[in-house]
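Listed here are the chains, written in short residue letters.
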Amino acid sequence: MTQPPLLPVTVVVPTRNEEANLEACLSRLGAFAEIWVVDSRSTDGTRQIADRHGARWIDFDWSGDFPKKRNWVLMNHAPGTTWVLFLDADERITDAFVAELRAALMPGQETGIAGFWLNYTNHFMGRVLRHGVPQRKLALFRVGAGLYERIDDRRWSNLDMEVHEHPILEGTTGEITAPIDHLDFRGIDHYLARHNAYASWEAKRHADLIARGDVAWAALTQRQRTKYRNLDRWWFAPAYFVSTYFVKLGFLDGAAGFHHAFLKMLYFYEIRLKIIGASRGP
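Residues numbered from 1 in each chain as written. Predicted model: local features only at pLDDT ≥ 70, side-chain atom pairs only at ≥ 80, totals over all residues. Heavy atoms only, no water.

Bringing the pattern of salt bridges into the picture now. Applying the stated criterion to the full structure yields 22 salt bridges. With its nearest N and O atoms 2.6 Å apart, the salt bridge here joins Lys68 to Asp153. With Lys68 in the loop between β3 (56-59) and α3 (69-76) and Asp153 in the loop between β9 (146-148) and β10 (167-169), this pair connects stretches of sequence that are 85 residues apart. Considered together, Lys68 and Asp153 belong to a single accessibility category, that of buried residues. For Arg154, the salt bridge identified is with Asp208, shortest N-O distance 3.0 Å. With Arg154 in the loop between β9 and β10 and Asp208 in helix α5 (residues 187-212), this pair connects stretches of sequence that are 54 residues apart. Judged by its relative accessible area of 52%, Arg154 is exposed. On the basis of relative accessible area, Asp208 is assigned to the buried category, the value being 13%. (Salt bridge = Lys/Arg side-chain N within 4 Å of Asp/Glu carboxyl O. Helix = DSSP H or I, 4+ residues; strand = E, 2+ residues; numbered from the N terminus. Buried < 20%, exposed > 50% of the residue type's maximum accessible area, 1.4 Å probe, protein only.)

In C-alpha cells, the structure reads:
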C-alpha cells in the first residue's frame, strides 16, 4: 500500500528534562516532515530519546530578554516546511488529528489561512476531563505568518518559553476539531510547582500593565483585558471555580474534576495574593 506523503509541517517540541513524557510524544509524529526538539540544557535522558527518534536537536539558552524559546527558534532556525506546529512534550497527536489536518492542508483548502486553533483532551490524576473550561491554543501556523507576542518580562520567573504569550498572525485562522491528548506523567508535585511559577509571572505582568497604562492595555485582547483587570478582585478565583465546576459541568468528571477546578481556583487566588503582597512590600 502506498504511504501518504508526509505533512508539510515541522513539529517543534520545547523540552527541559522531559524523559518521562518525550518518548510517547515523539512516537506519534511519523506523519510529519520534520521533528525538532529545542532543549534548555536537559540533564536527564531527553537527548537520547530525541536521537532515537531521529529528531533534530537544538540547544537553547535564555538570555533573560526577548526572545524566549518559541520565538527564538522561529527567528534563528526558520523551518523549511510551509507550516510549524508547537507541541509540548506532554501532548500526544492522535490518528484522528492527523487525518483532519491532512484534509485541512490539502492544496486549495488552506488558502488564506494563517493558522489553526487546536483542541486538547486533558488528563488529570488518571482521568480524562471531558467537561470544564476547554483548552484551545493557536499552536499551528504558517511559517512567516507571525510570531508570539512580545512581552519583555525581565526574568519575572525562570520560564524560558512562551506560556501565556499568544501568536500574532497576519491572516485568518481555522480550527482542527479532533483533539490532541494532553497527558503529563511528571505528577502532582510538578503540576503545583509549575503553576506557582505561572502565578508569579502573572502577578508581575499585572503590575507591569498597571505601570505602563493605556497603551499596554490597548494591545490586549478583550479576554486578556477582562482577566488582568480582575485578577486582584476577591471574587475572581471563586467565580472561576463556579464557572468550570458547575456551569461547565466539571462535576461530571468526578473527583478529578473537583480537584482540577479547585486547584485552578487556588492558582488564581495565589496570583491575587502575590499582587497584594507586591503592593504592600516585605
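Here we take up the nonpolar core. Soluble globular proteins: nonpolar side chains tend toward being buried together. Membership of the largest hydrophobic core comes to 35 residues, with the highest contact counts inside it found for Val9, Val11, Phe32, Ile93, Phe97, Phe116 and Leu118. Once you skip the residues sitting within four places of it in the chain, Val9 turns out to touch Phe32, Ala33, Glu34, Thr81, Trp83, Val84, Leu85, Leu105 and Leu140. Ranked by size, the runner-up nonpolar core spans 24 residues in total, among them Ile151, Ala216, Ala261 and Met265. (Core = buried A, V, L, I, M, F, W, Y, C linked by side-chain atoms within 4.5 Å. Contact = heavy atoms within 4.5 Å.)

It is worth spelling out the environment of Val163 at this point. Tracing the backbone through its elements, the reader meets Val163 in the loop between β9 and β10. Considered as a pair, Val163 and Val242 are 79 residues apart in the sequence and their alpha carbons are 25 Å apart.

In this section: the packing of α5 against helix α7 (residues 222-230). Running from amino to carboxyl end, α5 crosses α7 at an angle of 95°, the nearest separation of the two axes being 10 Å. As far as their axial angle goes, α7 and α5 are roughly perpendicular. Counting all contacts with α5, which are made through Trp201, Glu202, Arg205, His206 and Leu209, the residues of α7 involved are Gln224, Lys227 and Tyr228. For the contact of α5 with α7, the class distribution of residues is three nonpolar, two polar and three charged. (Axes fitted to C-alpha atoms, helices over the stretch in contact; angles between N-to-C directions. Parallel < 35°, antiparallel > 145°, perpendicular 65-115°, else oblique. Nonpolar A, V, L, I, M, F, W, Y, C, P; charged D, E, K, R; others polar.)

Listed in full, the buried residues belonging to α7 are Gln224, Tyr228 and Asn230. Taken together, the buried residues of α7 touch α5, α6 (214-218) and α8 (236-247).

Here strand β1 (residues 7-15) lies mainly inside the structure; eight of its nine residues are buried. Strand direction decides the pairing type here: β1 and strand β2 (residues 32-39), joined by seven bridges, are parallel. Each residue of the ladder has a partner; that of Thr10, found in β2, is Glu34. Where the polypeptide runs from β1 across helix α1 (residues 19-26) and back to β2, its parallel neighbour, the crossover connection is right-handed. Pairing of β1 with strand β4 (residues 83-86), which is carried by four bridges, proceeds in the parallel orientation. Bridge pairing links Val9 to Trp83 in β4. (Pairing = 2+ DSSP bridges. Right-handed = clockwise from strand over helix to strand, strands pointing away.)

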